[in-house]
Amino acid sequence: MTAPAGRGAPPAPPRQGFGAAAQPVADSPAAPDQDEAVDTLPRDGVVDLAGEREAAGVDDVLRELDSELVGLVPVKQRVAEIAALLLVDRARRQFGLASQRPNLHMSFTGSPGTGKTTVAVRMAAMLHRLGYLRRGHLVAVTRDDLVGQYVGHTAPKTKEVVKRAMGGVLFIDEAYYLYRRENERDYGQESIEILLQVMENDRDDLVVVLAGYADRMDVFFQSNPGMSSRVGHHLDFPDYDVEELISIAGLLLDKDRYQLAEDAGPVLREYITLRAQQPRFANARSIRNGLERARLRQARRLVDAGAPVTRDDLVTLTAQDFLGSRVFSSPPAAQPEPGAPHDEAG
């Protein structure tokens, strides 16, 4: 955590929590604790919140979210609200109005491919710019990165991951797999206990984001009330509708400098409509993979033609490149259980 911009503050004392062994970044000193003495403004002073917001680059982060992610208006609004809360918290401290540091641990719920990791990355950057994280990096993990296979293996694995994440955001995808109630010999509970300690004792130097399907996360929190009580923000990521998925496809095509032939637009819409009904559909991730497969068919088509190609040939996807997908010949199957592998349809 870095000292708020514009106010001098003495260095923080050595950390006593779990992350004490983690080495701080040389150019990012730790910020003072909330109850330490700081230079304060007089009662009739003023803080320019708009200027603080601009100086911290909050709007840059929000613009990046808008450019990277289609839709998700409630999620983006919540991110903006968190930014506003932290700006006001910094302003209060400039007047000596000490209060408890806001709880920044979060739960992201939603289907795969709805932008949870992207939002976590941008959130880490924003918290760093506002001075609430000293590094602002993201470490994304799953159960396999935290839980060991034998006695004495889990604690070192979990602690090593936590050490790498200190000063930033620890993003735990499908966090409910840490808890397996049906297996009393499972070591996931040991990892949970370490995380609970870290989320409490090191919350000034680490933000934990727990992610996964909403229904399974509800069960996880019910089974681990200590974890639920440490989460300050719950963000729900809805599935994309067909129009939003088409917009996502357009963004991906523009980014990779591809275009659609005149006959390909309606076929792409039909592809997306059918693909969304298939099992293991993963929203934006499935759209990206579908475009990759269309590019494979385009490449095969151009090479097999055996003729010289133009620039337009190289950047244009035709209806034929999409019609080769299995979604046009395979009826929708029963949806798999949440947590099954995603995006196997072509």
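Residues numbered from 1 in each chain as written. Predicted model: local features only at pLDDT ≥ 70, side-chain atom pairs only at ≥ 80, totals over all residues. Heavy atoms only, no water.

Colleague: Lay out the overall build of the chain with the relevant residues and their values.
Modeller: Helix and strand counts for the chain stand at 14 helices and 7 strands. Buried positions account for 43% of the 346 residues belonging to the chain. Nonlocal contacts in the chain, meaning residues at least 24 apart in sequence, comprise 79% of its contacts between residues at least 6 apart. For the chain, the computed accessible surface area is about 17300 Å², with 51% contributed by carbon and sulfur atoms. (Helix = DSSP H or I, 4+ residues; strand = E, 2+ residues; numbered from the N terminus. Buried < 20%, exposed > 50% of the residue type's maximum accessible area, 1.4 Å probe, protein only. Contact = heavy atoms within 4.5 Å. Areas by Shrake-Rupley, 256 points an atom, 1.4 Å probe, with all protein chains shown as cover.)

Colleague: An account of the nonpolar core is needed here, citing residue identities and associated values.
Modeller: Side chains that are nonpolar tend, in soluble globular proteins, to be buried together. Counting residues in each nonpolar core, the largest one holds 53 residues, and the members touching the most others are Val79, Phe108, Val119, Met126, Leu127, Leu130 and Phe322. In contact with Leu130, other than residues within four places in its own chain, are Ala56, Val58, Ala83, Leu86, Leu87 and Arg90. Membership of the second largest hydrophobic core comes to 29 residues, among which are Val139, Leu146, Ala175 and Phe221. (Core = buried A, V, L, I, M, F, W, Y, C linked by side-chain atoms within 4.5 Å.)

Colleague: Break down the sheet that holds strand E1 (residues 106-110) for me, citing the residues and quoting the values.
Modeller: Sheet architecture is open: 5 strands sit in the order E2-E3-E4-E1-E5, paired in parallel fashion. The open sheet has two free edges, formed respectively by strand E2 (138-141) and strand E5 (233-237), since each of these has just one partner strand. Across the sheet, the axes of successive neighbouring strands diverge by a mean angle of 20°, strand direction being ignored. With 4 bridges joining them, E1 and strand E4 (residues 207-212) adopt parallel strand pairing. Bridge pairing in E4 places Ser107 opposite Leu210. Helix H8 (residues 214-223) rests against E1, E4 and E5 of the sheet, and its axis sits at about 125° to E4. (Pairing = 2+ DSSP bridges. Axes fitted to C-alpha atoms, helices over the stretch in contact; angles between N-to-C directions.)

Colleague: Quick one: what's the story with the pattern of salt bridges, residue by residue and with numbers?
Modeller: Per the stated rule, a full pass over the model turns up 16 salt bridges. Across the salt bridge formed by Lys76 and Asp66, the nearest N and O atoms sit 3.1 Å from each other. Here Asp66 lies in helix H2 (residues 58-68) and Lys76 lies in helix H3 (residues 73-94), a separation of 10 residues in the sequence. A salt bridge links Arg122 to Glu68, with the shortest nitrogen-to-oxygen separation between them at 2.5 Å. Residue Arg122 is found in helix H4 (residues 116-129), and its partner Glu68 is found in helix H2; the two are separated by 54 residues along the sequence. On the basis of relative accessible area, Glu68 is assigned to the partly exposed category, the value being 36%. If you follow the salt bridges from partner to partner, you end up with Asp60, Arg63 and Arg129 in one network. (Salt bridge = Lys/Arg side-chain N within 4 Å of Asp/Glu carboxyl O.)

Colleague: I'd like to hear about the pairing of strand E3 (residues 169-173), residue by residue, with values.
Modeller: With 4 of 5 residues buried, E3 lies mostly within the body of the structure. Note that E2 and E3 share 4 bridges and pair parallel. Within the sheet, the bridge partner assigned to Leu138 lies in E3 and is Val169. Across 5 bridges, E3 lies against E4 in parallel orientation.

Colleague: Explain empty space enclosed by the protein residue by residue, including any values.
Modeller: Evaluated as defined, the whole model comprises 1 cavity of 30 Å³ or more. A volume near 30 Å³ is recorded for the largest cavity. Taken together, Arg101, Pro102, Asn103, Leu104, His105, Arg203, Leu206 and Val207 form the lining of the largest cavity. Tallied by class, the residues present in the lining of the largest cavity amount to 4 nonpolar, 2 polar and 2 charged. (1 Å grid on protein atoms, 1.4 Å probe; cavity = no way out; pocket = protein on both sides within 12 Å on 5 of 7 lines; lining within 4 Å. Points joined across faces, edges and corners; volume = space filled by probe spheres on them. Nonpolar A, V, L, I, M, F, W, Y, C, P; charged D, E, K, R; others polar.)

Colleague: Just give me the short version of the packing of H2 against H4, but keep the residues and values in it.
Modeller: It is the contact of H2 with H4, at a shortest axis distance of 9 Å, that shows an interaxial angle of 170°. By the angle class used here, H2 and H4 are roughly antiparallel. Contacts between H2 and H4 involve Val58, Asp60, Val61, Glu64, Leu65 and Glu68 from the former and Thr118, Val119, Arg122, Met126 and Arg129 from the latter. (Parallel < 35°, antiparallel > 145°, perpendicular 65-115°, else oblique.)

Colleague: Got a sec to walk through the packing of helix H10 (residues 242-255) against helix H11 (residues 264-275)? Specific residues and values, please.
Modeller: H11 packs onto H10 with a crossing angle of 125° between their chain directions and a minimal axis gap of 10 Å. As the angle between them shows, H10 and H11 are arranged oblique. Of the two elements, H10 crosses H11, and the hand of that crossing is right-handed. Packed against H10, whose contacting residues are Val242, Glu243, Leu245, Ile246 and Ala249, the element H11 presents Leu268, Arg269, Ile272 and Thr273 at the interface. Each residue belonging to the contact of H10 with H11 can be placed in one class, and the counts come to 6 nonpolar, 1 polar and 2 charged. (Left-handed = near helix turned anticlockwise from the far one by under 90°.)

Colleague: An account of the confidence of the model for the chain is requested, with residue identities and associated values reported.
Modeller: Residues at a pLDDT of 70 or more form 83% of the chain, whose mean pLDDT is 85. In the model of the chain, helix H1 (residues 49-56) stands out as the element of lowest mean pLDDT, 85, in contrast to strand E7 (residues 316-317), which has the highest, 98. Note that residues 1-37 has pLDDT below 50 and, in this model, 78 contacts with residues that lie over four places away or in other chains. (pLDDT = per-residue confidence, 0-100.)

Colleague: Which residues make up unusual backbone geometry, and what values do they have?
Modeller: Not every positive phi belongs to a glycine, and Arg257 is a case in point at roughly 60°. The phi angle at Asn283 is positive, at roughly 50°, despite the residue not being glycine. Here Asn283 lies in the loop between H11 and helix H12 (284-305). Note on Asn283: relative accessible area 1%, which makes it buried.

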